[in-house]
Amino acid sequence: MDQVVDLNVGGVFYTTAASTLVQAQPSLLADRFSGRLDPLPKDSKGRYFIDRDGVLFRYVLDFLRDGKLSLPESFREKERLRLEAAYYRLDGLTERLREQRPGYITVGYRGTFAFGRDGLSDVNFRKIPRILICGRVALCRDVFGDSLNESRDPDHGDTDRYTARFFLKHTSIEQAFDMLQEQGFYMAGSCGSGTAGGTSAAELKPGVDSEECRWNHYNEFVFVRDS
């Protein structure tokens with residue numbers, strides 16, 4: 001039967017199988033647990049001790065188990081994880097972290113300022129019904145993950161195609177910007193337009209403020225990742 005191994009990585013405890021730790025060949029862990037290098041020291045509880053980042057080790061262990069890199073949507077420590085991959089000599093994990101396809105993504109939204117009593121604008125509150133995402137399908141999915149709503153553009157099997165029909169499940173434009181920045185994108189340009197004319201009461205939909213319609217606007221932001 002496969003040996004069960006208890007680890008203490010920087011004060012964070014893990015339990016795994018020895019076969020998992022030797023999965024990637026060659027690597028520091030494989031050399032340690034296959035006998036090619038001296039075994040790791042143990043702590044007072046008999047757990048093998050590794051003086052590295054214990055929290056990030058969970059992603060190292062997941063990679064050894066599945067051969068895939070799966071990071072949380074808001075993961076902000078890719079550079080530190082690259083250092084961990086280099087320390088453990090996990091070339092496969094290092095390569096996964098380098099796999100960032102270059103390309104462009106356009107983020108757009110139509111919105112308005114909310115109005116309070118007596119037509120006074122509440123400029124601290126923007127009404128954004130939907131954030132639109134345009135670009136290569138595979139790239140959009142990589143960046144936005146589960147927050148991407150594809151209901152208006154169902155999967156046609158060709159991930160290299162382009163679409164202008166995706167939108168996000170949330171309406172926070174800053175959150176969309178954060179997700180792009182975390183994936184190595186920077187803003188290359190932006191543009192906006194607004195309405196200056198009024199709308200007659202007969203043309204308004206029920207519940208729509210005529211004064212508010214004067215402040216409708218549309219904005220687009222172009223983001224690029226070089227590599």
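Refer to the structure above for everything that follows.
Sequence order sets the numbering: in each chain, residues are counted from 1 along the sequence as written. Reporting in this predicted model follows two pLDDT cut-offs: at least 70 for local features of residues, and 80 or more for side-chain atom pairs to be given and counted; totals over whole chains, interfaces and linings ignore these cut-offs and use all residues. As a convention, hydrogens and water are excluded, and side-chain values are obtained from all of the structure's heavy atoms.

Caption draft 1: Region of interest: the environment of Leu 97. Along the chain, Leu 97 falls in helix H5 (residues 91-98). The spacing of Leu 97 and Arg 82 is 15 residues in sequence and 7.0 Å in space, taken between C-alpha atoms. Here Leu 97 is in contact with Leu 69, Leu 71, Leu 81, Arg 82 and Ala 85, once residues within four sequence places are set aside. A run of H or I in DSSP counts as a helix once it spans at least four residues, and a run of E counts as a strand once it spans at least two, with each numbered from the N terminus. When checking whether two residues touch, look at their non-hydrogen atoms; a contact exists if any pair is within 4.5 Å.

Caption draft 2: Representation of the pattern of salt bridges within the structure. Basic side-chain nitrogens of Lys or Arg form a salt bridge, by our definition, when they fall within 4 Å of a carboxyl oxygen of Asp or Glu. If you walk through the whole model with that rule in mind, you get 9 salt bridges. A salt bridge links Asp 31 to Arg 89, with the shortest nitrogen-to-oxygen separation between them at 2.7 Å. Here Arg 89 lies in the loop between helix H4 (78-87) and H5 and Asp 31 lies in helix H2 (residues 28-34), a separation of 58 residues in the sequence. Residue Asp 31 is classed as buried on the basis of its relative accessible area of 11%. When the shortest N-O distance is used, the salt bridge between Asp 43 and Arg 47 registers 3.0 Å. Exposure classes here rest on a 1.4 Å probe applied to the protein chains alone. A residue is buried below 20% of its type maximum, exposed above 50%, and partly exposed in between.

Caption draft 3: Examining the sheet that holds strand S1 (residues 4-9) more closely. As summarised here, the arrangement of the 3 strands in space is S2-S1-S3, forming an open sheet in which the pairing is mixed. Each edge of the open sheet is held by one strand with a lone partner, namely strand S2 (12-17) and strand S3 (48-50). Strand-to-strand twist of the sheet, defined as the mean angle between neighbouring strand axes without regard to direction, takes the value 30°. Bridging between S1 and S3 involves 3 bridges; their strand directions are parallel. Note that in S3 the partner of Asn 8 across the bridge is Phe 49. Criterion used throughout: strands pair if DSSP finds at least two bridges between them. For helices, the fitted line uses only the C-alpha atoms of the stretch in contact; every axis is such a line through C-alpha atoms, and the angle between N-to-C directions lies from 0 to 180 degrees.

Caption draft 4: Seen up close, the pairing of S2. The sheet contact formed by S1 and S2 spans 6 bridges and is antiparallel. For Val 9, the partnering residue across the bridge sits in S2 and is Val 12. Where S1 folds back on S2, the antiparallel hairpin that results is connected by 2 residues, among which Gly 10 adopts a positive phi of roughly 60°.

Caption draft 5: Inspection of unusual backbone geometry at higher detail. Note that the residue after Gln 25, namely Pro 26, is joined by a cis bond; omega there is -10°. Notably, Arg 89 is not glycine yet its phi reads approximately 60°, a positive angle. Residue Arg 89 is classed as partly exposed on the basis of its relative accessible area of 38%.

Caption draft 6: Geometry of the state of the cysteines. For this text, the term disulfide refers to a pair of cysteine sulfurs within 2.5 Å. Applying the stated criterion across every chain, the model contains 0 disulfides. Looking at Cys 134, it has no disulfide partner, and the nearest cysteine sulfur is the one in Cys 140, 7.7 Å off.

Caption draft 7: Spotlight on helix H3 (residues 57-66). Every buried residue of H3 is accounted for by Phe 57, Tyr 59, Val 60, Leu 61, Phe 63 and Leu 64. Packed against the buried residues of H3 are S1, S2, helix H1 (18-21), H2, H4 and H5. Phi turns positive, to about 75°, at Gly 67, one or two residues after H3.

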